[in-house]
Amino acid sequence: MLAELPTMTGANNNEQVEVSALRGVLLAPGLVHLTYETHRDGRHVLRCSLWRKNNAAAEWRMYYHQGTPAPASESFAP
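A brief structural summary. (Residues numbered from 1 in each chain as written. Predicted model: local features only at pLDDT ≥ 70, side-chain atom pairs only at ≥ 80, totals over all residues. Heavy atoms only, no water.)

Relative to the helices and strands, Y63 is located in strand β4 (residues 59-69). Between the C-alpha atoms of Y63 and W51, which are 12 residues apart in sequence, the distance is 5.5 Å. (Helix = DSSP H or I, 4+ residues; strand = E, 2+ residues; numbered from the N terminus.)

With respect to the helices and strands, the residue T38 is situated in strand β2 (residues 31-40). Here R47 takes part through its side chain, which lies 3.0 Å from a polar atom of the side chain of T38. In this structure T38 touches V17, E18, V19, R43, H44, V45 and R47, once residues within four positions along its chain are discounted. (Polar contact = N/O pair within 3.5 Å; in protein donor to acceptor, adjacent residues only side chain to side chain. Contact = heavy atoms within 4.5 Å.)

Sheet analysis places strand β1 (residues 18-28) next to β2, joined by eight bridges and oriented antiparallel. Along β2, the bridge assignment pairs S20 with E37. Turn length for the β1-β2 hairpin, with the two strands adjacent in sequence and antiparallel, is two residues, and the turn residue G30 shows positive phi of about 80 degrees. (Pairing = 2+ DSSP bridges.)

Below, the structure is given as structure tokens:
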């Protein structure tokens, strides 16, 4: 998913999604909290998700995701 984000386009046009302020924090073995921002068509969204690693398959899967529209002045970046 993360690798594909920069190449995704909006549903109504071909404008690409811009991703910024990408940061991951290891909460526990096999559990990561990811925060990032997306920008598309003048919309700015703060996003966070929890990723869990399936040890049997050695794959990461998204367990939870939230996106909150925000003014461009709000950011995860320091």
